[in-house]
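Here's the letter readout for the chains.
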Amino acid sequence: MLGGPEFSDVTDFYDQHPINEAQILDAVRARGVSLCAVTEADLQEFDQDHYGGIAALDALAEAAGIKRHHHALDICSGMGGPARYLAHKIGCRLTGIDLTESRVRSATSLSVLSNLDHLVDFHHGNALDLPFPDDHFDVVIAQEAWAHIPNKAGLIAEAVRVAKRGGVIAFTDIVSIGTLDAKTATRLFDGMRFSEIASRATYCALLEAAGCVVEQCQPLDAEWIKILQERHAMYRSLRAPTVAKFGEQGYRRYDAAYAFFVSLYEQGVLGGVRLVARNSISKSLRD
């Protein structure tokens, strides 16, 4: 398995996620849209598997300064919704990479369906060993996915490596803001497959150590509490298709895990961050 057995739990988690290609297409059809005429606008309400939907993506893209002539990399691109949205709205090129092969296939399929495959492409790969050359992308983005990835120093180093000098690394992620004891960390891994949750200070220090200048470190704690409560309600509204696809036990397991996850935000143990940093190191300086 790509990335080794330590990553298998993450791929299993997303192989059984309530938001999936079948659910997205069912939702589009329910709106009366023919799958022969699907556009990005038809998909965007259903394929943005991150906190805050397209408004949050607009904020991230603005903070990163993404322009039409840019080529951006989305690390942990999932179903490809953010890549398609940015390509459609801005006209830039997007490349996505994700550890879960089924989501790479779905991201590719949905991009072909919405006629955006000329601007977006997706790769099956490991964020800790990116299959791209140094100094390649104008912007590197991610949304609420890096908590799944161990070795944050290695992750940041890879993101910086593939970014051009002067390029931007911009991401949002789940962070610890209170005491995250071993029991809680284990329960988060068992339920949500979060293998390492960093603090805002840790992310800033790692970016600076990798040769970046941190331009923005925006807490998102308060707004994410409401968003997560609403997402939990949305997942519960998908009970019938989730049970049909993954069984009652699968639904109950995910529901319990998500309820615990949301409670940690309500208790002030977990929070969120939007980080924007600029790469100041060229390839020659890295060698």
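Residues numbered from 1 in each chain as written. Predicted model: local features only at pLDDT ≥ 70, side-chain atom pairs only at ≥ 80, totals over all residues. Heavy atoms only, no water.

Remarks on the overall build of the protein chain
Next, step 1: A count of helices and strands for the protein chain gives 12 helices and 7 strands.
Next, step 2: Since a compact globule built from 287 residues should have a radius of gyration of about 19 Å, the 18 Å found for the protein chain is in line with a globular shape.
Next, step 3: With the C-alpha coordinates of the protein chain rotated into their principal frame, the extents come out at 55 × 50 × 35 Å.
Next, step 4: Taken across its 287 residues, the protein chain has 53% of its residues classed as buried.
Next, step 5: For the protein chain, the share of sequence-separated contacts (at least 6 apart) that also reach a separation of at least 24 residues comes to 79%.
Next, step 6: Entry remark: accessible area of the protein chain is about 12,200 Å², with carbon and sulfur atoms responsible for 52%.
Next, step 7: If the 28 positive side-chain charges of the protein chain are averaged to one point and the 37 negative ones to another, these points end up 2 Å apart. (Helix = DSSP H or I, 4+ residues; strand = E, 2+ residues; numbered from the N terminus. Rg over C-alpha atoms; globule rule 2.2 N^0.38 Å. Buried < 20%, exposed > 50% of the residue type's maximum accessible area, 1.4 Å probe, protein only. Contact = heavy atoms within 4.5 Å. Areas by Shrake-Rupley, 256 points an atom, 1.4 Å probe, with all protein chains shown as cover. Lys, Arg positive; Asp, Glu negative; His and termini not counted. Charge placed at Lys NZ, Arg CZ, Asp CG, Glu CD.)

Let's talk about the packing of helix α4 (residues 53-64) against helix α5 (residues 81-90)
Next, step 1: For the pair α4 and α5, the least separation of the axes is 11 Å and the interaxial angle reads 65°. Helix-helix and strand crossings are classified by hand; for α4 and α5 the assignment is right-handed. Residues Ile54, Leu57, Asp58 and Ala61 of α4 lie in contact with α5, whose contacting residues are Pro82, Tyr85, Leu86, Lys89 and Ile90.
Next, step 2: For the contact of α4 with α5, the per-class residue count stands at 7 nonpolar, no polar and 2 charged. (Axes fitted to C-alpha atoms, helices over the stretch in contact; angles between N-to-C directions. Left-handed = near helix turned anticlockwise from the far one by under 90°. Nonpolar A, V, L, I, M, F, W, Y, C, P; charged D, E, K, R; others polar.)

Remarks on the sheet that holds strand β5 (residues 163-176)
Next, step 1: Across the sheet, 7 strands lie side by side as β3-β2-β1-β4-β5-β7-β6; this open sheet has mixed pairing. The sheet terminates laterally at β3 (120-124) and β6 (212-219), the two strands that pair on one side only. Adjacent strand axes in the sheet meet at a mean angle of 15°, parallel and antiparallel pairs treated alike.
Next, step 2: Inspection of the sheet shows strand β2 (residues 93-98) paired to β3 by 5 bridges, in the parallel sense. Among the inter-strand pairings, Leu94 is bridged to a residue of β3, identified as Val120.
Next, step 3: Each of β5, β6 and β7 (270-279) touches helix α9 (residues 200-209); the most contacted strand, β6, lies at about 165° to it.
Next, step 4: Packed on one face of the sheet, helix α11 (residues 239-266) meets β5 and β7 and runs near 80° to β7. (Pairing = 2+ DSSP bridges.)

Some points on the pairing of β5
Next, step 1: With 11 of 14 residues buried, β5 lies mostly within the body of the structure.
Next, step 2: For the handedness criterion, the β-α-β arrangement of strand β4 (residues 137-143), helix α7 (residues 152-162) and β5 is classed as right-handed.
Next, step 3: Looking at chain direction, β5 and β7 are connected through 9 bridges and run antiparallel. The residue bridging Ile174 from the neighbouring strand is Gly272, located in β7. (Right-handed = clockwise from strand over helix to strand, strands pointing away.)

Examining the nonpolar core
Next, step 1: Ile174, Tyr258 and Phe261 are the most contacted members of the largest nonpolar core, which totals 36 residues.
Next, step 2: Counting residues per element, the ones that place at least two in this core are α1 (8-15), α2 (21-30), α8 (182-192), α10 (221-237) and α11.
Next, step 3: It is α11 that contributes the most residues to this core, 8 residues altogether.
Next, step 4: Excluding residues within four positions of it along the chain, Ile174 makes contact with Tyr51, Ala147, Phe194, Ile197, Ala198, Trp224, Phe261, Tyr265, Leu270 and Gly271. (Core = buried A, V, L, I, M, F, W, Y, C linked by side-chain atoms within 4.5 Å.)

A look at unusual backbone geometry
Next, step 1: Positive phi outside glycine occurs at Cys76, with the angle close to 75°.
Next, step 2: With respect to the helices, strands and loops of the structure, Cys76 is situated in the loop between β1 (71-75) and α5.
Next, step 3: The phi dihedral of Asn115 falls on the positive side, at around 60°, and the residue is not glycine.
Next, step 4: Positionally, Asn115 belongs in the loop between α6 (101-113) and β3.
Next, step 5: Residue Asn115 is classed as exposed on the basis of its relative accessible area, which comes to 56%.

Section: the side chain of Ser176
Next, step 1: Considering the arrangement of structural elements, one finds Ser176 in strand β5.
Next, step 2: Look past the residues within four positions of Ser176 in its chain and what remains in contact with it is Ile197, Ala198, Ser199, Val269 and Leu270.

Quick notes on the packing of aromatic side chains
Next, step 1: Within this structure, the stated rule accounts for 13 aromatic pairs.
Next, step 2: Taking 6.4 Å as the distance between ring centres and 50° as the angle between the ring planes, the aromatic pair formed by Trp224 and Tyr265 counts as tilted. Placement of Trp224 in helix α10 and of Tyr265 in helix α11 is noted, with a sequence separation of 41 residues between them. Considered together, Trp224 and Tyr265 belong to a single accessibility category, that of buried residues.
Next, step 3: Measuring from centroid to centroid gives 5.0 Å for Tyr235 and Tyr258, while their planes differ by 85°, and the two rings are edge-to-face. Within this pair, whereas Tyr235 is found in helix α10, its partner Tyr258 is found in helix α11, the two being separated by 23 residues in sequence.
Next, step 4: On the accessibility criterion, Tyr235 (4% relative accessible area) is buried.
Next, step 5: Residue Tyr258 is classed as buried on the basis of its relative accessible area of 2%.
Next, step 6: Here the aromatic residues Phe13, Tyr14, Tyr51, Phe194, Trp224, Tyr235, Tyr254, Tyr258, Phe261 and Tyr265 are joined through ring pairs into a cluster of three or more.
Next, step 7: Stacked on the ring of Phe260, the Lys or Arg Arg187 has its end atom at 3.8 Å from the ring centre. (Phe/Tyr/Trp six-rings, centres within 6.5 Å; stacked < 30°, edge-to-face > 60°. Lys NZ or Arg CZ within 6 Å of the ring centre and 35° of its normal.)

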